[in-house]
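Observations on chain architecture
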Amino acid sequence: MSLKSYFQQPGDGRVHPHISAADIVWAIVMSRILRVTSFLRLEWLVHSPARAGLGVKAPFGDDVLAYCTQRMNPETTRLALAEALHQAKRNKAFENSRFIGLALDGTGAGRTYKEPCRLCDPIKDAKGEVHGSLHHFVLISVVGVGLTLPVDVEPYGPGDSEYAAAQRLLRRAVEHLGPRFADYVVGDGAYATAPFLHTTQEVGLPVVARLKENLPLLAAAVRARFDGQPPHSVFQEGDDRVEVWDADDFAPWETLDWPAVRVLRYRQHKRNGTVVQAEWLTNFSIRQLGSLSFYRMAKSRWEIENRGFNDGKNRYGMEHICHHHPNSILIVWLLIALAMVIERLYRSRYLHRGDHRVRTAIDLADYLWLSLAAGGPPDTG
Ligand SMILES: [Zn+2]
């Protein structure tokens with residue numbers, strides 16, 4: 001399925017639609033690139049003279065947006081995201097990167113005081129009193145390739161967990177992307193548990209996860225081994241001097257079915273004098289992956305926070321619930337992910353021709369607003 005055919009048939013579940021889903025979905029994706037983050041503001045936009053420039057045929061109200069997103073099939077948008085990423089890989093958008101990573105992390109968004117839905121997690125204070133609720137999801141994103149590209153999201157409500165949602169998400173993402181799309185999975189300390197690590201093995205991907213005190217025996221063994229030793233190697237990475245300790249023969253904890261665990265400790269000396277030390281574990285062998293590449297993979301995890309959640313919430317409205325219904329919330333998250341992928345590929349790969357600099361996201365939004373105001377259709381590539 002190409003992106004073009006997705007925008008023609010985005011998984012509409014309505015029986016007798018008056019407004020085509022093609023118009024609605026295109027308008028939602030474009031509105032996110034334009035930083036329009038509520039259905040009411042999108043209603044205003046499609047009733048303005050800018051509608052023609054946006055390529056939207058007929059105006060519609062926020063009730064239509066709510067009704068349609070409540071009934072869309074999320075699988076169709078998930079497949080479109082996977083197809084956009086395949087296309088990026090085929091077009092060599094990642095060609096300078098040796099390893100393509102998939103990072104996972106969970107977050108909460110969309111605080112509300114309305115009547116709870118199936119995905120509402122009550123927010124309780126120390127006395128157990130409820131102050132509204134929050135919606136949780138796990139995001140999986142391509143990292144380590146110079147572009148952070150969201151792949152898919154999986155919500156989890158009360159009675160479910162980040163941990164279970166992450167395993168469902170990883171399985172589905174690898175099924176959609178194919179087993180040879182990515183080279184590794186990366187996650188924080190919450191993912192350094194035997195069932196999650198076994199899931200990465202089932203889907204055929206090596207994993208890099210933060211080692212913290214939730215694995216007290218391994219953490220103690222690492223301290224006992226590395227604390228008294230000089231660094232095994234030292235390298236310069238940008239402005240930082242990085243000391244590393246790297247050994248591949250730590251004993252697995254009892255529930256982990258790996259023959260041995262490899263652990264990297266790094267001590268990163270920044271130019272301003274701050275020192276960051278952390279430990280990470282992996283099942284990559286030293287032959288497959290040198291210490292510096294291991295270090296870079298560990299660092300690629302930050303992309304999901306900075307370029308995934310922070311950008312998603314501050315710029316594309318991931319924090320805001322447009323219509324308080326579980327499927328609508330999920331569809332909007334997925335369309336935000338798609339808007340981020342299209343926008344980032346367009347800016348840094350398609351628009352980046354010749355020697356002009358890469359346009360920033362806000363530059364592109366401004367440019368689109370100006371072309372809408374001028375009455376000309378924006379070049380949507
Ligand atoms: Zn809710």
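This report concerns the structure included in the present document. Remember, predicted model here, so these are calculated numbers, not experimental data. (Residues numbered from 1 in each chain as written. Predicted model: local features only at pLDDT ≥ 70, side-chain atom pairs only at ≥ 80, totals over all residues. Heavy atoms only, no water.)

Remarks on the environment of alanine 194
Locating alanine 194 in the fold gives a position in helix α8 (residues 194–202). You can call alanine 194 buried: its relative accessible area is 5%. Spatially, the C-alpha atoms of alanine 194 and glutamate 254 are 9.1 Å apart, while their sequence positions differ by 60 residues. Setting aside residues up to four positions removed in sequence, alanine 194 forms contacts with Trp253, Thr255 and Leu256. (Helix = DSSP H or I, 4+ residues; strand = E, 2+ residues; numbered from the N terminus. Buried < 20%, exposed > 50% of the residue type's maximum accessible area, 1.4 Å probe, protein only. Contact = heavy atoms within 4.5 Å.)

Some points on the packing of aromatic side chains
As enumerated under the stated definition, the model contains 10 aromatic pairs in all. Seen in terms of ring centroids, phenylalanine 7 and tryptophan 26 are 5.2 Å apart; in terms of plane orientation they differ by 85 degrees. Their pairing is edge-to-face. Taken together, the positions of phenylalanine 7 in helix α1 (residues 3–8) and tryptophan 26 in helix α2 (residues 21–33) put the pair 19 residues apart, joining distant regions of the chain. Look at tyrosine 191 and phenylalanine 196: their rings are 4.9 Å apart centre to centre, the planes differ by 65 degrees, and that puts the pair in the edge-to-face class. Of the residues examined, phenylalanine 196 reaches a relative accessible area of 2% and is grouped as buried. (Phe/Tyr/Trp six-rings, centres within 6.5 Å; stacked < 30°, edge-to-face > 60°.)

Side note on the pattern of salt bridges
Applying the stated criterion to the full structure yields 25 salt bridges. Glutamate 154 is paired through a salt bridge with arginine 172; the nearest N and O atoms lie 2.9 Å apart. One end of the pair, glutamate 154, is in strand β4 (residues 149–156); the other, arginine 172, is in helix α7 (residues 162–177), with 18 residues separating them in the sequence. The burial state of glutamate 154 is the same as that of arginine 172; both residues are buried. With its nearest N and O atoms 2.6 Å apart, the salt bridge here joins glutamate 279 to arginine 265. Taken together, the residues span a long stretch of sequence, with glutamate 279 in strand β10 (residues 275–282) and arginine 265 in strand β9 (residues 261–269) at a distance of 14 residues. As far as the burial class goes, glutamate 279 and arginine 265 line up, both buried. When salt bridges with common partners are traced through the structure, they connect Arg78, Asp152, Glu154, Asp160, Arg168 and Arg172 into a single cluster. (Salt bridge = Lys/Arg side-chain N within 4 Å of Asp/Glu carboxyl O.)

Here we look at the pairing of strand β3 (residues 130–143)
Buried residues dominate β3, accounting for 11 of its 14 residues. Across 10 bridges, the pairing between strand β1 (residues 101–112) and β3 is antiparallel. Bridge pairing in β3 links threonine 107 to phenylalanine 137. Summarising the sheet, strand β2 (residues 120–124) and β3 pair through 4 bridges and their orientation is antiparallel. Note that in β3 the partner of lysine 124 across the bridge is valine 130. What sits between the antiparallel neighbours β2 and β3 is a turn of 5 residues, in which glycine 128 has the positive phi angle 85 degrees. Two strands pair when backbone bridges link them, and β3 and β4 are joined in this way by 7 bridges, in the antiparallel orientation. (Pairing = 2+ DSSP bridges.)

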